[in-house]
Amino acid sequence: MPGGGVSLSTAVNLNYIEAPVTIRAYLLCAFAAFGGIFFGYDSGYINGVTGSKVFIELIEGPGQTSLTSSHNSLITSILSAGTFFGAVIAGDIADWFGRRPTIIVGCAIYIVGCVLQAASSGLVLIVVGRLVAGVGVGFVSAIIILYMSEICPRKVRGALVSGYQFCITIGLLLASCITYGTESRTDTGSYRIPISIQFAWGLILGTGLYLLPESPRYFVQKDRIDRARTALSRLRGQPEDSEYITSELSEIVANAEYERKAIPITGYWSSWLNCFTGSLWEGSSNLRRTILGTSLQMMQQWTGVNFIFYYSTPFLESTGAISNSFLISLIFTLVNVFSTPISFWSIEKIGRRPLLIWGALGMLICQFLVAIIGVTVGFNKTHLNAAGVAVAKNIPAVNAQLAFIAIYIFFFASTWGPGSWVVIGEIFPLPIRSRGVGLSTASNWLWNTIIAVITPYMVNPDAGNLRSSVFFIWGSLCTCAFIYAYFLIPETKGLTLEQIDRMLEETTPRTSAGWVPRLTFVEDDYDKAKVEHASV
């Protein structure tokens, strides 16, 4: 019998596919979002540390006041390079050993990287430590999205996965607060304290994940149905013999059988090649889904948000108009934190597709306004003061630019920030889901690396010195994101992962919002079995 002994009957219907959401079940799933702290804190603390006088002299030598473009680029981007490889590797490990063990291993690798960074007394060890920590972050960032998408109830899946992005913003905020508090120190604590605090995040997440259940969909993939039933029972807060548990598990098993027939796995390399099978013009093909996931994460990076969080401190200092760039950077981070929870409501009520379309429109308007104001009366128009330092001529115009940057962050944090993570966790079928999510996350980190490498050369005074003109680039890329979202992003809210598979087969992105499930996979299998029996 398909599914290793689970009874598949037509009693499974659309009303009983999933149990009501309990507080316990909600909290179990929500804890996994803590993994976002890794991403956020590691991305955020480096912005402050690279502006620390003690750290600059450690890397460049006594008397130096700033990092060279090459050193700044290397130190900032090397983490993203590590996460790229970590995310790619993690997909295999998650399929072999499980989602939960992979995340725990990622936490251990991350902790080793933190120790190396804290022990550093020069460029080499800080770079090696960030590379190792990056591999750990890659494990966590890829598989935590996969894990959460597979365990969360469909009615709150978008909100809970958005919690991952919220934890990223919390990590950024904590990093800003800690670096702001240590910037005035004159000893190595100015950079060692922010680095050492990372140790706690790995310990908390690794310990917590050890106590959580494995993904039931992983157990189904491995034909361990009894383990899947136990895990699902814990996650939903229902007895193992509950009708809700039987119905949901039966649907997962039926979909897994359907996907196995459609996507046969004959070996290790075929499991990777299956990510690229099918036609580019067929919305449900594996190739189309892989391109959608990887390009969506690319677009998220193209919005330019990490320019603000990686380089806002040295960039704002270079304008000569900001007396306390650390404080402005902290304000941007606060906007990011308090805007993200809006998505908890909007992503389930408004939907993924509208959120990404309108979010891109809001961002591109803000980016172009910052650029236009800057090149006409803002950042780019300076004069020398009595001390011979270049300062902006029109301070109110600079303040207007800062306001529009903050509004841009609001649009990102409430739309593309969480939305892109939610969608990549939903669009892949079970046989390639771990690798598809891993490749999509790797794409995020690849473009994160590219942007981190090239940005200093675009904006540093000793390089491109684009100043406000760099926002024309980000605005143009946000325009690409707007067009992309309109034509390519499907609507997935309110559907189980199994229903999303069928929706992608039957609709296009622009008609997906109107799709309504009619049959469960169990009912479909039952109907096919009747037809086959009648034809005998």
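Residues numbered from 1 in each chain as written. Predicted model: local features only at pLDDT ≥ 70, side-chain atom pairs only at ≥ 80, totals over all residues. Heavy atoms only, no water.

A closer look at empty space enclosed by the protein
Which entries qualify depends on this criterion: A cavity, in this analysis, means grid points on a 1 Å lattice covering only the protein atoms where a 1.4 Å probe fits yet has no way out; a pocket is instead an open set bounded by protein on both sides within 12 Å along at least five of seven lines, and a residue lines either one if it has an atom within 4 Å of a point. Grid points are joined across faces, edges and corners, and a volume is the space filled by probe spheres set on the points. Under the scheme used here, helices are H or I runs from DSSP no shorter than 4 residues and strands are E runs no shorter than 2 residues, and both carry numbers assigned from the N terminus. Any residue that is not Ala, Val, Leu, Ile, Met, Phe, Trp, Tyr, Cys, Pro, Asp, Glu, Lys or Arg is counted as polar, Gly included; the first ten are nonpolar and the last four charged.
Using the criterion set out here, one finds 6 cavities of 30 Å³ or more in the structure. Quantified by volume, the largest cavity comes out at close to 140 Å³. Along the walls of the largest cavity sit 14 residues, with Gln165, Ile168, Val305, Asn306 and Phe412 positioned nearest its centre. Contributions of two or more residues to the lining of the largest cavity are made by helix 2 (36-49), helix 7 (157-182), helix 14 (286-302), helix 15 (305-319) and helix 19 (395-424). Its residues assigned to classes, the lining of the largest cavity shows 7 nonpolar, 7 polar and no charged.

Some thoughts on unusual backbone geometry
The condition that has to hold: Exposure is judged per residue with a 1.4 Å probe applied to protein chains only, and the accessible area is read against the type maximum: over 50% gives exposed, under 20% gives buried, and values in between give partly exposed.
In this structure, aspartate 223 takes a positive phi of about 60° despite not being glycine. The topology assignment puts aspartate 223 in the loop between helix 10 (216-221) and helix 11 (225-236). Assessed through its relative accessible area of 47%, aspartate 223 is described here as partly exposed.

Re the confidence of the model for the protein
Keep this limit in mind: As a per-residue measure, pLDDT tells how confident the predictor is, with possible values from 0 to 100. Residue contacts are defined here by distance: any two heavy atoms, one from each residue, within 4.5 Å place the two residues in contact.
Across the protein, pLDDT averages 84, with 88% of residues at or above 70. Here residues 1-12 scores under 50 on pLDDT; set against residues more than four positions off or in separate chains, the count is 26 contacts. Counted against residues more than four places away or in other chains, residues 529-536, with its pLDDT under 50, gives 0 contacts.

Some words on the packing of helix 6 (residues 123-151) against helix 7
Definition in use: Comment: axis = line fitted to C-alpha atoms, over the contacting stretch for helices; angle = value between 0 and 180 degrees taken between N-to-C directions. Orientation labels follow simple angle bins: below 35 degrees gives roughly parallel, above 145 gives roughly antiparallel, 65 to 115 gives roughly perpendicular, and whatever is left gives oblique. By definition, turning the near helix anticlockwise from the far helix through less than a right angle yields a left-handed crossing, and turning it clockwise yields a right-handed one.
The geometry of helix 6 relative to helix 7 is characterised by a closest axis approach of 10 Å and an angle of 160° between their N-to-C directions. As summarised for this structure, helix 6 and helix 7 are arranged roughly antiparallel, according to the angle between their axes. Crossing angle aside, the handedness with which helix 6 passes helix 7 is right-handed. Contacts between helix 6 and helix 7 involve Ser141, Ile144, Ile145, Met148 and Ser149 on the former and, on the latter, Arg157, Leu160, Val161 and Tyr164.

Regarding the environment of leucine 504
When you line up the elements, leucine 504 lands in helix 22 (residues 497-506). A sequence separation of 220 residues divides leucine 504 from serine 284, and the C-alpha atoms of the two residues are 4.9 Å apart. When residues no more than four places from it in sequence are discounted, the contact partners of leucine 504 are Gly283, Ser284, Arg289, Ile427 and Pro490.

Describing the pattern of salt bridges
The condition is simple: For salt bridges, the criterion is a side-chain nitrogen of Lys or Arg within 4 Å of an Asp or Glu carboxyl oxygen.
The final tally for this structure, using the stated rule, is 15 salt bridges. Here glutamate 57 and lysine 53 are joined by a salt bridge, their closest N and O atoms 2.9 Å apart. On the criterion of helical spacing, the pair formed by glutamate 57 and lysine 53 is a turn pair, its members being 4 residues apart in helix 3 (residues 53-60). A residue is classified by how much of its surface remains accessible, and glutamate 57, at 27% relative accessible area, is partly exposed. For lysine 53, a relative accessible area of 56% gives the class exposed.

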